[in-house]
Amino acid sequence: MRRISCILLLTLTLSIGIHAQEPTEEKKGLPEWLQNIKFSGYGMLQYQGEDKEGDHSNSFNLRLLRLVLDGKIGNVAWRAQMQGTSNPGPGNATVFLNDLYLEWQKYEFLRIKAGQFKRAFSYESPTNPITQGWYSYALSINSLVGYGDRTGEKASGGRDIGIQIQGDLLKNSAGRNLLHYQVGVYNGEGINAKDKDNKKDIIGGLWVMPVKGLRIGAFGWTGTRGELEMTMLDGTKTVLKSARKNRYALSAEYQRGEYTFRTEYVHSQGWGSNEAWGTKADGFYVFGIVPVVSHRLQAKARYNLYRPAKEWSTSKTMYEVGLNYFFSKNFQLNMEYARVNDRSLANHDYNFVDVQLDFRF
């Protein structure tokens, strides 16, 4: 992995050099695949605080930095992405390979992707952390799609290693597709990890787009966690081999211009990393983001629920409101306040604030 990281960083450096030093006229003499390489990235700076009883906290944080290389060779697009973070999560390095994949894109109705990329599950997971619009992905997405998974899988940003096919079908008279499908086969262990039990996860999604901007869909996921370390009720630990996980999601979204409305319900069946949670979990969120001043200021509100044991006595609910301010297309300030009700705590209710300064290049 260290060698891959060094190679990618060297490639990034060369790419910067090409874009910074070569005039447009001179680039025409380069091979087409080299002309098509694009270097980009973004950073997210964060302040976060909360007043849990007996556990107050507030801190500045470097949420993440990502460096991205995109390119195309004929009908094959590729991406290599590195991430650095000060909050890596269990088992993750501070700097690591996030994406590395190829996608054959000759036909709109059939695209084939191979490598490490986001799993084909939920509408929210594939969105960029900046355009997603909130302090973080929804609680259910974080816990059930591989961002810090219920099974104890290392924080993987919803990613895994595998192969996926997807496509758009059934164009209407205006040339807009009405149906999308996607199916993938993955190791089931998260990023930068080989399969530990030689059993694969199968994930698929299907949605319809009856009106421009609207999509309604469903997702399914069946697979295993190769080695699940579980804390038992008596405090001891045990390792489950090939721990089964079955999940589904029901999703709806309407997005037109600066208006975004989305809701998803996610359900999971299978053991997690704590026996007290039982074998079922679920979560639900709904949000709206609307413009106040066009291309400058947005207002937002979100209801955000997760139940690690699918019981109300274990639920965590966040009632969130906030503003997103855009200094320019590539520079924004996101502000958020939430009233949190966490029934796993003796004192259920507390306040939460998050402010993030995000930039792209």
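Definitions and cut-offs
Residues numbered from 1 in each chain as written. Predicted model: local features only at pLDDT ≥ 70, side-chain atom pairs only at ≥ 80, totals over all residues. Heavy atoms only, no water. Helix = DSSP H or I, 4+ residues; strand = E, 2+ residues; numbered from the N terminus. Buried < 20%, exposed > 50% of the residue type's maximum accessible area, 1.4 Å probe, protein only. Contact = heavy atoms within 4.5 Å. Areas by Shrake-Rupley, 256 points an atom, 1.4 Å probe, with all protein chains shown as cover. Core = buried A, V, L, I, M, F, W, Y, C linked by side-chain atoms within 4.5 Å. Salt bridge = Lys/Arg side-chain N within 4 Å of Asp/Glu carboxyl O. pLDDT = per-residue confidence, 0-100. Phe/Tyr/Trp six-rings, centres within 6.5 Å; stacked < 30°, edge-to-face > 60°. Lys NZ or Arg CZ within 6 Å of the ring centre and 35° of its normal.

Visitor: Mind showing me how you'd approach the overall build of the chain here?
Guide: A count of helical and extended segments in the chain gives 4 helices and 16 strands. The burial tally for the chain puts 47% of its 361 residues in the buried class. Relative to all contacts within the chain whose residues are 6 or more apart in sequence, the contacts with residues 24 or more apart total 54%. When the accessible surface of the chain is split by element, carbon and sulfur atoms take 59% of a total near 17,700 Å².

Visitor: Quick question: what am I supposed to make of the nonpolar core here?
Guide: In globular proteins that are soluble, nonpolar side chains generally tend to be buried together. Ranked by size, the top nonpolar core spans 32 residues in total, and within it Phe121, Ile141 and Met318 carry the most contacts. When residues of this core are traced back to their parent elements, those giving at least two are α4 (139-144), β8 (201-208), β9 (214-231), β12 (280-293), β15 (331-342) and β16 (349-360). Broken down by element, the residue count for this core peaks at 4 residues, all from β12. Counting 5 residues, the second largest nonpolar core, distinct from the first, contains Leu34, Ile37, Leu69 and Ala80.

Visitor: Just to check I follow, could you spell out the pattern of salt bridges for this structure?
Guide: Opposite charge on two side chains makes pairing possible when the charged atoms of those side chains draw close. Applying the stated criterion across every chain, the model contains 18 salt bridges. Asp201 is paired through a salt bridge with Lys245; the nearest N and O atoms lie 3.2 Å apart. Taken as a pair, Asp201 in strand β8 and Lys245 in strand β10 (residues 237-256) lie far apart in primary sequence, 44 residues in all. Asp201 gets classed as buried once you look at its relative accessible area, which sits at 0%.

Visitor: Can you help me understand the confidence of the model for the chain in this one?
Guide: Detailed conclusions should not be drawn from predicted coordinates in areas where pLDDT is low. Confidence in the prediction for the chain averages 90 pLDDT; 90% of positions are at 70 or higher. A low-confidence stretch, residues 1-23 stays under pLDDT 50, and its non-local contacts, those more than four residues away or across chains, total 26 contacts.

Visitor: Is there a simple way to explain the packing of aromatic side chains in this structure?
Guide: For any pair of aromatic rings, the description rests on two quantities: the centre-to-centre distance and the angle between the ring planes. For the structure shown, the criterion picks out 21 aromatic pairs. Ring geometry for Trp104 versus Tyr107: centroids 5.5 Å apart, planes at 80 degrees, classification edge-to-face. When its relative accessible area of 34% is taken as the criterion, Tyr107 is described as partly exposed. When the ring centre of Trp134 is taken as reference, the NZ or CZ atom of Lys300 above it lies at 4.9 Å.

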